[in-house]
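Secondary and tertiary structure notes
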Amino acid sequence: MRTARTAAAVIAVVALAAGCSGSGGKADENTANGADGEGGSGGQAAGTPRLKIAMVTHSGEGDTFWDIVQNGAEEAAKKDNVEFLYSSDKEGKGQAELVQTAIDKKVDGIVVTLAKPEAMRAVLGKAKRAGIPVVTINSGGEFSPRFGALGHIGQDEAVAGEAVGDELDRRGRKKALCVIHEQGNVSLEQRCAGVRKTFGGSVENLNVDGTNQPGAQSSISAKLQATKGIDAVVTLGAPVAAVSVKAKEDAGSKAEIDTFDLNAEVVRRLKAGEVGFAVDQQPYLQGYLAVDELWLYRTNANVIGGGKPVLTGPAVVTGKDVPKLEKYTARGTR
């Protein structure tokens with residue numbers, strides 16, 4: 001009930017504010033996207049003072065998930081008269097250095113992920129001392145309040161993993177392989193732990209390099225060949241789902257491929273029956289709400305969700321959901 005009330009409050013705030021409702025696969029670091037006078041609905045940008053907001057994530061090269069996050073952030077930036085700066089580094093040290101760069105630029109707010117939270121602790125302390133508000137998204141939500149952030153926007157990764165375990169049980173699976181595509185990422189480890197908590201069968205983790213798709217495909221295929229009885233492969237990101245479909249074919253396996261996160265290719269594979277289900281955490285919302293919250297805080301002292309985590313997922317998506325999702329994934333908003 002608390003989650004429902006929080007979600008309702010978020011929708012109300014966004015509707016009021018909007019008048020309506022390695023880097024990823026996109027362009028690289030410090031890409032600026034200022035207001036062009038039009039929001040997504042064709043209205044004028046906000047008449048509030050021009051702000052500069054930086055987003056710094058742990059994205060690895062080619063991860064389309066972050067394209068969708070950026071699309072949401074850029075749409076909010078247009079509406080809010082915000083200059084939006086995006087940068088990323090999959091290594092904790094590099095990500096912290098990019099946050100320091102944003103502090104040095106005297107930005108008006110910072111959006112950051114906490115996949116490797118300890119690497120971010122010191123630099124977020126510097127942001128706080130500089131008077132720069134921070135919103136965390138996507139990963140490391142439990143660290144957000146202790147690092148001084150206004151709040152966290154994303155899904156509870158343990159709960160999402162538990163939902164996958166329950167779904168695997170409903171599908172009669174007995175032995176799952178959980179593929180971690182970025183070692184040391186606390187959120188990915190929480191997902192696999194959540195699957196293990198509720199799944200009645202067995203779960204084995206496999207670490208692969210998500211930025212090296214041929215290598216990941218080879219590792220998954222080898223595991224399927226070497227370990228008998230795997231009837232479900234759970235990937236933790238949409239690009240790895242496509243890789244796993246190919247690995248399954250290489251290995252001659254009959255395992256079902258299931259995944260966290262959506263993109264256009266996953267929806268296509270859901271439609272074709274090549275992926276059983278996906279867990280949607282609505283990355284577009286994560287980017288959109290984070291920029292909107294910093295704008296609302298700077299212009300009206302608002303805090304979305306009262307400082308509590310604002311959940312954007314999880315929701316289990318199957319082939320029956322494809323008709324209503326295809327047009328949104330095609331335009332990069334789901």
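Quick summary incoming for the structure in this document. Since we're looking at a predicted model, the values are computed, not measured.

Right, let's get into the nonpolar core. M55, F84, V111, V135, I137, I153 and V291 are the most contacted members of the largest nonpolar core, which totals 28 residues. Contributions of two or more residues to this core are made by β2 (51–57), α2 (65–80), β3 (82–88), β5 (134–137) and α10 (283–300). Take this core: its biggest share by element is eight residues, from α10. Among residues more than four places away in sequence, those in contact with M55 are V69, A73, F84, L85, Y86, S87, V111, I137 and G287. V208, V233, L270 and V275 belong to the second-largest nonpolar core, a separate cluster that totals 27 residues.

Right, let's talk about the state of the cysteines for a bit. Counted by the stated rule, this structure contains one disulfide. Note on cysteine connectivity: C178 is disulfide-linked to C192, with sulfurs 2.1 Å apart. Its S-S torsion of about -90° marks the bond between C178 and C192 as left-handed, since a negative value means left-handed. Taken together, the positions of C178 in strand β7 (residues 175–180) and C192 in helix α6 (residues 186–198) put the pair 14 residues apart, joining distant regions of the chain. Owing to a relative accessible area of 1%, C178 belongs among the buried residues under this scheme.

In this section: the pattern of salt bridges. Enumeration over the complete set of coordinates arrives at 19 salt bridges. The shortest N-O distance in the salt bridge between K116 and E182 comes to 3.5 Å. Here the residue K116 occupies a position in the loop between β4 (109–113) and α4 (121–129), and E182 occupies one in the loop between β7 and α6, the gap between them amounting to 66 residues. By relative accessible area, E182 is classed as buried at 13%. Here E256 ties to R171 by a salt bridge, and the two come within 3.2 Å at their closest N and O atoms. With E256 in strand β10 (residues 256–260) and R171 in the loop between α5 (157–170) and β7, this pair connects stretches of sequence that are 85 residues apart. On the basis of relative accessibility, which here comes to 12%, the residue E256 falls in the buried class. Connected via shared salt-bridge partners are E167, R170, R171, R173 and E256.

At a closest axis distance of 8 Å, the pairing of helix α7 (residues 213–226) and helix α8 (residues 238–251) adopts a crossing angle of 45°. Between α7 and α8, the angle falls in the class oblique. Where α7 crosses over α8, the handedness of that crossing is right-handed. Mapping the contact onto sequence places Q213, A216, Q217, I220, S221, L224 and Q225 in α7 and P239, V240, V243, S244, K246, A247, K248, D250 and A251 in α8. Along the lines of polarity and charge, the residues of the contact of α7 with α8 split into eight nonpolar, five polar and three charged.

So, about helix α3 (residues 92–104). Here α3 contains 13 residues, and its C-alpha end-to-end distance of 19 Å stays within 8% of the 18 Å for a straight helix at 1.5 Å per residue. Turning to α3, its buried residues number three or more, namely G92, G94, Q95, A96, L98, V99, A102 and I103. Close packing links the buried residues of α3 with β2, β3, β4 and α4. At the C-terminal side of α3, K106 shows a positive phi close to 55°.

Glancing now at α2. With 16 residues, α2 should cover 22 Å at 1.5 Å per step; its first-to-last C-alpha distance of 23 Å lies within 8% of that length. The buried fraction of α2 amounts to 14 of the 16 residues, a majority that puts the element mostly inside the structure.

Turning our eyes to something else, we now look at unusual backbone geometry. The residue after G313, namely P314, is reached through a cis peptide bond having omega 10°. Mapping P314 onto the fold places it in the loop between β12 (310–311) and β13 (315–317). Phi at D261 is positive, roughly 80°, even though this residue is not glycine. Looking at the element boundaries, D261 is found in the loop between β10 and α9 (264–272). Phi at A301 is positive, roughly 55°, even though this residue is not glycine. Tracing the sequence through the fold places A301 in the loop between α10 and β12.

The rules behind these values
- Counting starts from 1 at the beginning of each chain's written sequence and moves along it residue by residue.
- Predicted model: local features are reported for residues with pLDDT of at least 70 only, side-chain atom pairs are reported and counted for 80 or more only, and whole-chain, interface and lining totals are derived from all residues.
- Neither water nor hydrogens contribute to the side-chain values; these are computed over all heavy atoms in the structure.
- Here, nonpolar core means buried Ala, Val, Leu, Ile, Met, Phe, Trp, Tyr and Cys residues that are tied together by side-chain atoms lying within 4.5 Å of each other.
- For every residue, the accessible area obtained with a 1.4 Å probe (protein chains only) is divided by the maximum for its type, and the residue is called buried under 20%, exposed over 50%, and partly exposed between those limits.
- Under the DSSP-based scheme used, a helix requires at least four consecutive residues in state H or I and a strand at least two consecutive residues in state E, with every element numbered from the N terminus.
- Whether two residues are in contact is decided by their heavy atoms, any of which lying within 4.5 Å being enough.
- When two cysteine sulfur atoms lie within 2.5 Å, the pair is treated as a disulfide.
- Think of a salt bridge as a Lys or Arg side-chain nitrogen and an Asp or Glu carboxyl oxygen that are within 4 Å of each other.
- Interaxial angle, 0 to 180 degrees, is taken between N-to-C directions of lines fitted to C-alpha atoms, where a helix line uses only the stretch in contact.
- In this scheme, roughly parallel covers angles under 35 degrees and roughly antiparallel covers those over 145, while 65 to 115 is roughly perpendicular and the rest are oblique.
- Throughout, a crossing is termed right-handed when the near helix is turned clockwise from the far one, and left-handed when it is turned anticlockwise from it by less than a right angle.
- In this classification, Asp, Glu, Lys and Arg are treated as charged, Ala, Val, Leu, Ile, Met, Phe, Trp, Tyr, Cys and Pro as nonpolar, and every other residue, Gly included, as polar.
- The length a helix should cover is 1.5 Å for every residue beyond the first.

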